[in-house]
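Below, each chain spelled out in residue letters.
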Amino acid sequence: MPLLPVVSILQASKASTPIRRCVFDSAEVAVGRAVAEQELWLPEDECVSRRHALLRFDASARSATIEDLSRTGTFVQGERVERATVLPGEVVRVGNSFFLFRFEPEPEARQSTAAPIDSALVGGSPALRAIRRTLGLVARSDATVLILGESGTGKELAAHSLHEQSGRGGPFIAVNCGAIPEALAESLLFGHQAGAFTGAKSEGLGWFRAAEGGTLFLDEIGELPLLLQPKLLRAVEERAVVPVGSTRPVSCDVRIVAATNKDLSDRGQFRADLLARISEFVVELPPLSERREDILPIFWRLAGDSSAELHPELVAALLYHAYPHNVRDLRRIVTQLAVRGAGKSVWDVSLVDGLESSRPSQAPERELRSEPPLPARTLPTRVPSREELEALLRLHGGNVAEIAREVGRSRKQVYRWLTQYELPIEAYRRDE
């Protein structure tokens, strides 16, 4: 199945669609304000040159090459380049416009990325579209589902989406297994009879029976006490629970969805048979840093009714940020902007703590024929020749950090050059 390059243009305006996708059948497209409509056409950005750059795709190498043709510069991951290899998912900036590309199988590339208006899983990245398809397929079944992902990637949102599409009429009950007191865990999960223990003056249903006809979401299931795991296994397999203080099982019609950010394969901490039973279907949510197409759509969903515009440097900082806590980091950023930027027509990067402005530190200026070319700030723009890079590799024994310091570029840029020239770094590393 042929792979097609798909470029996602990341637009900062809330009034417009946050992502505009362009599917290309050709291996080379021009980028600019006055290029053909079937190329990467950016007519509304006055900071983009009429013919700003050339973008060449190489499906066999799963990469692209971009060549700058402008006076105001082309930037890959915040670093100015003249000619550079671009990897899928890396953010390219021209003028005040941002885009990235990925290769997708032709049928998927030509599909719409639009999510339902009320969908909690916001975004148009290939990973999120695949997750939405998977949830839609498994929702109507009774299969148990295990959702994997880092903290803050939206595991509970995915579980809720699964429940909404399941057609089950009962409630969605979410339980944080890491917050259950171990002494009360069995009672809270399976219920108890009156008088079963001190303080049990009346019968308690427990979460299983409270979710009757619906979905029980067991978040952070890796934190469940080991002694309770065999009882959970029996409850899932037999679709019945035995309340504390009783000897008679009570049947439960409950769909089990579990989630964790841990590796559950350690048999000393989590039973292998329980893992097999709760993972009939596995859905993995990638971190936000691996699906940067989703950052601006999620941003505007979190921002709600705000009508402020985003300064281009704020957009750049949002797209380049590492997001170690995923959407929780983005929520913190939106909160600070809403509070400090209340009443402002434009939000800028200075309103947020710990959000560094991207390189270059100033926004590109409108291109004028009479203006001289802009320098690339303090960074050299010339790409070294293959021979020069080989000499640097020999001089520094393949130490990329030392090469980066000598040429004044980032290690990531040095690795791009190595990929571009197909130089095996291992061949130059000195034996310790």
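Structure: see above.
About the cut-offs
- Residues numbered from 1 in each chain as written.
- Predicted model: local features only at pLDDT ≥ 70, side-chain atom pairs only at ≥ 80, totals over all residues.
- Heavy atoms only, no water.
- Helix = DSSP H or I, 4+ residues; strand = E, 2+ residues; numbered from the N terminus.
- Buried < 20%, exposed > 50% of the residue type's maximum accessible area, 1.4 Å probe, protein only.
- Contact = heavy atoms within 4.5 Å.
- Axes fitted to C-alpha atoms, helices over the stretch in contact; angles between N-to-C directions.
- Parallel < 35°, antiparallel > 145°, perpendicular 65-115°, else oblique.
- Left-handed = near helix turned anticlockwise from the far one by under 90°.
- Nonpolar A, V, L, I, M, F, W, Y, C, P; charged D, E, K, R; others polar.
- Phe/Tyr/Trp six-rings, centres within 6.5 Å; stacked < 30°, edge-to-face > 60°.

Enquirer: Help me out: how do you make sense of the side chain of Glu390 in this one?
Expert: Structurally, Glu390 can be placed in helix 11 (residues 386-395). Judged by relative accessible area, which is 18%, Glu390 ranks as buried. Look past the residues within four positions of Glu390 in its chain and what remains in contact with it is Leu423 and Tyr428.

Enquirer: Can you walk me through unusual backbone geometry in this structure?
Expert: Negative phi characterises most residues that are not glycine, and trans characterises most peptide bonds. With a phi angle near 50°, Glu220 is a residue other than glycine that sits in the positive phi range. Position of Glu220 among the secondary structure elements: in the loop between strand 14 (215-219) and helix 6 (229-238). Even without being a glycine, Asn326 presents a positive backbone phi close to 60°. In this fold, Asn326 is placed in the loop between helix 9 (312-320) and helix 10 (327-340).

Enquirer: For this particular structure, what's the right way to read the packing of helix 11 against helix 12 (residues 400-407)?
Expert: Two quantities define a packed helix pair, namely the angle between the axes and the distance from one axis to the other. Running from amino to carboxyl end, helix 11 crosses helix 12 at an angle of 125°, the nearest separation of the two axes being 9 Å. Judged by the inter-axis angle, helix 11 sits oblique to helix 12. Judged by the twist between their axes, the crossing of helix 11 over helix 12 is right-handed. Every residue of helix 12 that contacts helix 11 at Leu392, Leu393 and Leu395 is listed here: Ile403, Glu406 and Val407. Split into classes, the residues belonging to the contact of helix 11 with helix 12 amount to 5 nonpolar, no polar and 1 charged.

Enquirer: Is there a simple way to explain the packing of aromatic side chains in this structure?
Expert: Remark: the centre distance and the inter-plane angle together describe each pair of aromatic rings, the angle taken between the planes. Scanning the entire structure with this criterion turns up 8 aromatic pairs. Both rings, one in Phe57 and one in Phe103, keep their centres 6.5 Å apart while their planes meet at 80°; by these two values the pair is edge-to-face. Of this pair, Phe57 sits in strand 5 (residues 53-58) while Phe103 sits in strand 11 (residues 97-105); the two residues are 46 residues apart in sequence, bridging distant segments of the chain. Taking the relative accessible area as the measure of exposure, Phe103 reaches 12% and is therefore buried. Aromatic pair Phe299 and Trp347: ring centres 6.4 Å apart, planes at 75°, arrangement edge-to-face. Note that Phe299 is positioned in helix 8 (residues 295-303) and Trp347 in strand 20 (residues 346-347), a separation of 48 residues in sequence. For Phe299, a relative accessible area of 0% gives the class buried. What makes Trp347 buried here is its relative accessible area of 4%. Pairwise contacts between aromatic rings join Phe24, Phe57, Phe101 and Phe103 into one cluster.

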